[in-house]
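Chain by chain, the residues:
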Amino acid sequence: MSKKPRPIPVPAEPIAGLVDAHTHLASTGRSVSDLVERALAAGVERICTVGDGLAEAEEALAAAHESDRVFAACAIHPTRAHELDDTTRARLTEMAADPRCVAVGETGVDTYWLTHDPDRTAPLEVQEEALRWHVQLAVDTGKALMIHNREGDEDLMRILADSPRPREVMLHCFSSPVEVAREAVERGYVLSFAGNVTFKRNDHLREAAALAPTGQLLIETDAPYMTPEPFRGARNEPALIGHTALEVARARQMEPEELAAEVGKTFSRVFAV
Ligand SMILES: [Zn+2]
Ligand SMILES: [Zn+2]
């Protein structure tokens, strides 16, 4: 049986002033300079790159020092929360103090792998302890807290509610039900939408994107995953965020340029850049 070849992804028409609030440059298999150049050609002027483990966080911070278009977020991913030992905590504390590190993340709750393949993740108690440690680091450094949440709405919202409040809380790749979006914006959190907001079945995400007040909405690629339609399944990169921007602008009944200006301001405030 022959498989239909995947179309090669191309950026949308350039929209000036776009940002990518959460991506993994080191995981795309391309150099930082190449990715930034391609992003700039698509109008993507600023990028926040993230690492999942300590080595990847180091790469993210190095990328942020290499390009003035790139900022870093540093933390240990919830599925790797068991890696948060004393040495790692000490190094993350140093990294969070670096001016090019603008967020502590991604940290949070991921129960997906607990039910699908527990060997691929950390127990929930370990994730919770790691999340609470990262929250305190964000509070202590004044950096934004960047949250990963996969099938962990209840635990996440409970832990955040009884933790000290960081300057900014951003829910990356927002994929939860509309009720969670309402509760999150009521608490002042920022919802960041990725390529899955373009997927046909995800009306609830477009609804969440429509209800987020100005200043509480960001867009991201989460590359190399979450490639927006019409290139779903292909390898993602920051240059492709225009497709997501167009969908979010449609959901919010705005012009794409207006949306780019809005998320640009929010990016500046959340990451203090
Ligand atoms: Zn994530
Ligand atoms: Zn991510």
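Residues numbered from 1 in each chain as written. Chains lettered and ligands numbered in written order. Predicted model: local features only at pLDDT ≥ 70, side-chain atom pairs only at ≥ 80, totals over all residues. Heavy atoms only, no water.

Digging into the coordination of the zinc ion (ligand 1)
Logical step 1: Here the zinc ion (ligand 1) is held by the protein donor atoms Glu106 (OE), His148 (ND1) and His172 (NE2), which lie 1.9 to 2.1 Å from it.
Logical step 2: Within one chain, the residues donating to the zinc ion (ligand 1) are spaced in sequence as E-x41-H-x23-H.
Logical step 3: In this structure, the zinc ion (ligand 1) is positioned 3.5 Å from the zinc ion (ligand 2), and both are ligated by Glu106. Taken together, the residues Glu106 in strand S4 (residues 101-110) and His172 in the loop between strand S6 (169-171) and helix H7 (178-186) connect sequence positions 66 residues apart.
Logical step 4: Take His172: its relative accessible area is 4%, and that puts it in the buried class. (Donors = N, O, S within 2.8 Å, 3.2 Å for Na, K, Ca; no water. Helix = DSSP H or I, 4+ residues; strand = E, 2+ residues; numbered from the N terminus. Buried < 20%, exposed > 50% of the residue type's maximum accessible area, 1.4 Å probe, protein only.)

Here's the deal with unusual backbone geometry
Logical step 1: Between Ala223 and the following residue, Pro224, the backbone shows a cis peptide bond with an omega angle of 10°.
Logical step 2: For Pro224, the location among the structural elements is in the loop between strand S8 (217-219) and helix H9 (241-251).
Logical step 3: That bond from Glu229 to Pro230 is cis: its omega, 5°, falls within 30 degrees of zero.
Logical step 4: Mapping Pro230 onto the fold places it in the loop between S8 and H9.
Logical step 5: For Ala272, which is not glycine, the phi dihedral falls at a positive 55°.
Logical step 6: Relative to the helices and strands, Ala272 is located in the segment after helix H10 (256-271).
Logical step 7: Residue Ala272 is classed as exposed on the basis of its relative accessible area of 56%.

A word on the coordination of the zinc ion (ligand 2)
Logical step 1: Within the protein, the zinc ion (ligand 2) binds to His22 (NE2), His24 (NE2), Glu106 (OE) and Asp222 (OD); these donor distances fall in the range 2.1 to 2.4 Å.
Logical step 2: Viewed at the metal, the four donor atoms of the zinc ion (ligand 2) are separated by angles of 89 to 178°, and the geometry they form is irregular.
Logical step 3: Donor residues for the zinc ion (ligand 2) sit on one chain with the sequence pattern H-x1-H-x81-E-x115-D. (Tetrahedral: all angles 85-135°; square planar, octahedral: opposite > 155°, others 65-115°.)

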